[in-house]
Amino acid sequence: MQWRALVLGLVLLRLGLHGVLWLVFGLGPSMGFYQRFPLSFGFQRLRGSDGLASARSGAAGQQGTPGGPSWLQPLVVGAAAGGPQAPRRPSPGVCGPAPWGYALGSWDCGPDEYEKRYSGAFPPQLRAQMRDLARGMFVFGYDNYMAHAFPQDELNPIHCRGRGPDRGDPSNLNINDVLGNYSLTLVDALDTLAIMGNSSEFQKAVKLVINTVSFDKDSTVQVFEATIRVLGSLLSAHRIITDSKQPFGDMTIKDYDNELLHMAHDLAVRLLPAFENTKTGIPYPRVNLKTGVPPDSNNETCTAGAGSLLVEFGILSRLLGDSTFEWVARRAVKALWNLRSNDTGLLGNVVNIQTGHWVGKQSGLGAGLDSFYEYLLKSYILFGEKEDLQMFNAAYQSIQNYLRRGREACNEGEGDPPLYVNVNMFSGQLMNTWIDSLQAFFPGLQVLIGDVEDAICLHAFYYAIWKRYGALPERYNWQLQAPDVLFYPLRPELVESTYLLYQATKNPFYLHVGMDILQSLEKYTKVKCGYATLHHVIDKSKEDRMESFFLSETCKYLYLLFDEENPIHKSGTRYMFTTEGHVLSVDKRLRESPWKEFFSEDEEQEQQGKFVHRPKSQELKVINSSSNCNRVPDERRYSLPLKSIYMRQIDQMVGLV
């Protein structure tokens, strides 16, 4: 009888301890693993009368406020002001080893597999092996494109053949917006060849582009895609060829006569009709390279598509001494900026170019808005125009005030870890409970402005999704803990942020992340003649398409992550990447704007409703902008290895252990 009483006592003691855990910490026997993803925190999947997630009495009292997870909470209504009141901007939190640790309990971080894998050094031999693997990945895709697809735009890697525009179905915008029958993959990959030091293939590719690519085509393309993929690559390659220092090796072309610059000019001129006959100055989304804007053109465009042209158009203007291209791109940015909400400072994602009416009122960091924010900052870095930085700072403040939800610090305090959500641009109210894979670029942008702590935390969220699926689903529902859109087209955004975070911190953790990504791509996407889009991130079924950005961005950032001795990383050189990953040297010549005073006059006249005169080159005076971008993060602050418990908890949360 005594042993039975002892067993019963132990059982009752265990039940009592679990009860205390539930009451005090909101943790049960599962220790927070109710859902298998880091951002579950044990709260229930709730749905309110408006169709969005909302609090349900009784079920949402675990972690955070009684009304449920903080991401789902509406903004506090200011009683005095009578309107929405933005949450206080958090101070930069030190995103240490366990930003989601409170939902999991804690463990001692003694020596184990996590310590060895994530906190230890990354041996030089392994780094060289990963660098060579990334180079081999590019070479395999590039060589197969040249063998089986050139001069068509893309490679179908499963059936080993080329792909061009879908002439039979003009409404197939997924293909026709991107493919213009101008050897897209070859053009897009030019500067990757140079960065990898392959001078002979770079020179051969440049000559092929000069001799075979023409933009005099009956192709209707998206202005944004043609600008970032083709125009940007031509300008990047031109700058590499004409760089007197030749940092990547001898990339000069015998008898080169600025042909790539002339081609860039030709393409940009064919894109200019998109900016005509628009009452707002915001361009049409598409043009036909032969005939201009199609008669049945859509009057609706996304903010990123219309407002992310300034880097390429601005460089072209400054290289040519012709203000036209920068003028139209800058006018579009200002037009969009002036349409932002007076209450929140946010922009929507789809706008009518004739009326200025917001058709899509969602404000977020993903598709439709991502590169608009990116190019506000990068335009300032390149050109030194203070108004670009002022717009970016104001936009970033609004993002922090209305999109950033969760607790103030990454790994400290009450409530849920921070996450950037999609909200209504006018009210700041939550619109849905998903994020898309394009948002993974944002930690990299935060690195550029020195907000490294927040970048570390946000990057870990996307990497945790990657570890769960071996890829990033196109859209992930953070409340349902499952993908909403299941495909992965070999996107580079997570790799880009990983690379930039490594450059900012020199923490070997990010080398391990890069190795995980490399191995996943090799395991799940490699096929007979290249690398294929994942149709379904869970069952790993594939689509027969290898988009050009896989070679121009994904492979490039992976290679640079492991190539410590690359000229881009040498002291004294300053480079910036476009939104398509094309490398551009940052130098004072691009900061010489001879038409700056005319832009100021234009803005005043536009506000007064007057006709705006566009200056010609011979009318201009040279004005040198000497402002500089000096917000460089201190690498020493982030040089200590992340604790092994950090990755152990991530693995636990995504069900890997």
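Each chain has its residues counted from 1, following the order in which its sequence is written. Note on the predicted model: pLDDT of at least 70 is required for a residue's local features to be given, and 80 or more for side-chain atom pairs to be given and counted; whole-chain, interface and lining totals, by contrast, use all residues. To get the side-chain values, take all heavy atoms of the structure and skip hydrogens and water.

1. Points about the overall build of the protein chain
Part 1: A count of helices and strands for the protein chain gives 21 helices and 20 strands.
Part 2: Of all 657 residues assigned to the protein chain, the portion counted as buried reaches 60%.
Part 3: Contact definition: two residues touch when any of their heavy atoms are within 4.5 Å. For the protein chain, contacts bridging at least 24 residues in sequence account for 71% of all contacts bridging at least 6.
Part 4: Working note: accessible area of the protein chain is about 26400 Å², and carbon and sulfur atoms make up 52% of it. Here a helix means four or more residues in a row that DSSP labels H or I, a strand means two or more in a row labelled E, and each is numbered from the N terminus. The rule is simple: take the accessible area with a 1.4 Å probe, protein chains only, and divide by the maximum for that residue type; under 20% is buried, over 50% is exposed, in between is partly exposed. The Shrake-Rupley method, run with a 1.4 Å probe sphere, supplies the accessible areas, and residue values consider only the shown protein chains as cover.

2. Digging into the side chain of S585
Part 1: Among the secondary structure elements, S585 is positioned in strand β20 (residues 583-585).
Part 2: Setting aside residues up to four positions removed in sequence, S585 forms contacts with R239, L382, R574, Y575 and L590.

3. Description of unusual backbone geometry
Part 1: A cis amide bond links F150 with the next residue in sequence, P151, at an omega value of 10°.
Part 2: Residue placement: P151 occurs in the loop between α3 (124-148) and β1 (154-156).
Part 3: Located in the positive-phi region is Q481, a residue other than glycine, with phi close to 60°.
Part 4: As for its position among the elements, Q481 is in the loop between β13 (475-477) and β14 (482-485).
Part 5: Taking relative accessible area as the criterion, Q481 reaches 5% and is therefore assigned buried.
Part 6: Not every positive phi belongs to a glycine, and L490 is a case in point at roughly 70°.
Part 7: Examined against the element boundaries, L490 turns out to sit in the loop between β14 and α17 (493-505).

4. Topic: the side chain of T344
Part 1: By secondary structure assignment, the location of T344 is in the loop between α12 (324-338) and β6 (350-352).
Part 2: Relative accessible area serves as the criterion here: at 4%, T344 is assigned to the buried category.

5. Some thoughts on the sheet that holds β14
Part 1: Pairing between two strands requires that DSSP report at least two bridges joining them. Taken in spatial order, the three strands make up an open sheet running β12-β13-β14, and their pairing is antiparallel. For this open sheet the edge positions go to β12 (434-436) and β14, each flanked by a neighbour on one side alone. The sheet shows a mean angle of 35° between the axes of neighbouring strands, taken without regard to direction.
Part 2: As judged from the three bridges shared by β13 and β14, these two strands associate in the antiparallel manner. In the strand pairing of β14, Y476 is matched with P483. Fitting a line to C-alpha atoms yields each axis, with helices limited to the stretch in contact; the angle taken between N-to-C directions then spans 0 to 180 degrees.

6. Side note on the environment of V230
Part 1: Summarising the element assignment, V230 is placed in helix α8 (residues 223-242).
Part 2: Looking at V230, the relative accessible area reads 0%, which means it is buried.
Part 3: Separated by 42 residues in the primary sequence, V230 and D188 have C-alpha atoms spaced 6.1 Å apart.
Part 4: Here V230 is in contact with Y182, L184, V187, F215, E225 and L267, once residues within four sequence places are set aside.

7. Thoughts on the confidence of the model for the protein chain
Part 1: Residue-level confidence of the predictor is summarised by pLDDT, bounded by 0 at the bottom and 100 at the top. Residues with a pLDDT of 70 or more make up 72% of the protein chain, whose mean pLDDT is 80.
Part 2: Note that pLDDT drops below 50 for residues 20-68; the model gives that stretch 108 contacts with residues more than four away or on any other chain.
Part 3: Every residue in residues 75-112 scores below 50 in pLDDT, and together they form 97 contacts with partners more than four places removed in sequence or on other chains.

8. Things to note about the packing of aromatic side chains
Part 1: Centres within 6.5 Å make a pair out of two Phe, Tyr or Trp rings, where for Trp the six-membered ring is used; the pair is then stacked when the planes are under 30 degrees apart, edge-to-face when over 60, and tilted otherwise. Counted under the stated rule, the structure contains 22 aromatic pairs.
Part 2: Centre to centre, the rings of Y145 and F150 are 6.4 Å apart; their planes meet at 75°, and the pair counts as edge-to-face.
Part 3: Among the aromatic residues, those joined into a ring-pair cluster are F392, Y396, Y420, F441 and F442.
Part 4: In our convention, an over-ring charge means Lys NZ or Arg CZ found within 6 Å of a ring centre and within 35 degrees of that ring's normal. Here the guanidinium or amino end of K540 rests over the ring plane of Y524, the centre of that ring lying 4.7 Å away.
Part 5: Just above the ring of Y380 sits the side chain of R591; from NZ or CZ to the centre is 5.6 Å.

9. Observations concerning the environment of Q152
Part 1: Mapped onto the elements, Q152 comes out in the loop between α3 and β1.
Part 2: Considering only alpha carbons, one finds Q152 and L186, 34 residues apart in sequence, at a separation of 9.2 Å.
Part 3: Residue contacts for Q152: discarding those within four places in its chain leaves Y145, G162, R163, G164, S183 and L184.

10. Digging into the UniProt feature "binding site: Ca(2+)" (unreviewed entry) in the protein chain
Part 1: UniProt positions are given in the numbering used here, feature names are shortened, and annotations may be inferred rather than shown by experiment. Feature annotation in UniProt assigns "binding site: Ca(2+)" (unreviewed entry) to the following positions: T579.
Part 2: Mapped onto the elements, T579 comes out in the loop between β19 (575-577) and β20.
Part 3: Taking relative accessible area as the criterion, T579 reaches 16% and is therefore assigned buried.
Part 4: Not counting chain neighbours up to four residues away, the residues in contact with T579 comprise I228, S371, E374, Y375 and E553.
Part 5: Any pair of nitrogen or oxygen atoms within 3.5 Å is treated as a polar contact; in protein, a donor-acceptor pairing is required on top of that, and neighbouring residues in sequence qualify only through side-chain atoms on both sides. A distance of 2.9 Å separates a polar atom in the side chain of T579 from a polar atom in the side chain of E374.

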